[in-house]
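# Observations on chain architecture
In case you want the letters, here they are:
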Amino acid sequence: MNKLGFVDLEILFLGINGNGKFNETDIEKSDLKKLGVGRILDSLASLKDRKLIILQEDGSFSVTDLARHSLWDETIPLWIRILRILEIKSFSIEEMIYFLKKEERKILDELEMLRKNNLVLMSPQRIDSKIIKMYEILPEGVEKIHSVEIEGVDKHALKENLDKKADVTTIINQITRDVNDLEISFDKKERIIAGLQKIIERID
């Protein structure tokens, strides 16, 4: 699959929201205008070269089936599309609902399954005085996506009945991330993280 950046996502999403098409006016009305003409033109050229958009005779752009297949194809399991969007950057639940155009309950269910499979990590972050749950893809998630693209979805279904080790490891990874964000001395952080690592080793 074509590797997307966040600007690529925003541009393609303009087309998805516009029945597959967008033009210069749509870009001007969006947050993309803050990037400047040069950056936007470079991104459009890159998307065109990767066959993710097509330039029409009237100067508008169309989103290709290849682009739709990446994040908006209903025949692709939602958990795969969630991993793909998290490969771009970390997102909150609200942002994933917005870009993937799916219901909150469905997103939450799939995220929980991904978390239990140790493919994504949730870390609370303070943004504008609010605590927001942010999700990021773990190395195992990146590996899973690459395996799916090579071997197909059927060979890589998510496990529903997981052992306790996977769930505990996910929780410890999240605690480790939280500890690294604390305003405490480096020595204290090292001691706490070392203790968490010993728990994982004992589980093994």
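This report concerns the structure included in the present document. This structure is a prediction, so every number in the text was calculated from the model and none was measured.

### Some thoughts on the packing of aromatic side chains
Aromatic ring pairs are reported here in terms of the distance separating the ring centres and the angle at which the planes meet. Tallied over the full model, the rule gives eight aromatic pairs. Seen from their ring centres, phenylalanine 6 and phenylalanine 91 are 6.1 Å apart, and the 45° between their planes marks the pair as tilted. In this pair, phenylalanine 6 sits in helix α1 (residues 6-17) while phenylalanine 91 sits in strand β4 (residues 91-92), placing the two residues 85 residues apart along the sequence. Judged by relative accessible area, phenylalanine 91 falls into the buried class, the value being 0%. Between phenylalanine 13 and tyrosine 98, the aromatic rings sit 4.8 Å apart at their centres with planes inclined by 55°, giving tilted as the arrangement. Within this pair, whereas phenylalanine 13 is found in helix α1, its partner tyrosine 98 is found in helix α6 (residues 93-100), the two being separated by 85 residues in sequence. Look at phenylalanine 13 and you get buried, because its relative accessible area is 4%. Ring pairing ties together the aromatic residues Phe6, Phe13, Trp72, Phe91, Tyr98 and Phe99, which thus form one cluster.

### Quick word on the sheet that holds strand β1 (residues 21-22)
In spatial order, the strands read β1-β3-β2; together these three strands make up an open sheet with antiparallel pairing. Each of the sheet's edge strands pairs with one partner strand only, and the pair in question is β1 and β2 (53-55). The pairing of β1 with strand β3 (residues 61-63) spans two bridges and is antiparallel. Bridging from a neighbouring strand, phenylalanine 22 pairs with phenylalanine 61 of β3. Its contacts with the sheet place helix α3 (residues 37-49) against β1, β2 and β3, and it is angled at close to 105° to β2.

Reading the values: rules and limits
- Residues numbered from 1 in each chain as written.
- Predicted model: local features only at pLDDT ≥ 70, side-chain atom pairs only at ≥ 80, totals over all residues.
- Heavy atoms only, no water.
- Phe/Tyr/Trp six-rings, centres within 6.5 Å; stacked < 30°, edge-to-face > 60°.
- Helix = DSSP H or I, 4+ residues; strand = E, 2+ residues; numbered from the N terminus.
- Buried < 20%, exposed > 50% of the residue type's maximum accessible area, 1.4 Å probe, protein only.
- Pairing = 2+ DSSP bridges.
- Contact = heavy atoms within 4.5 Å.
- Axes fitted to C-alpha atoms, helices over the stretch in contact; angles between N-to-C directions.

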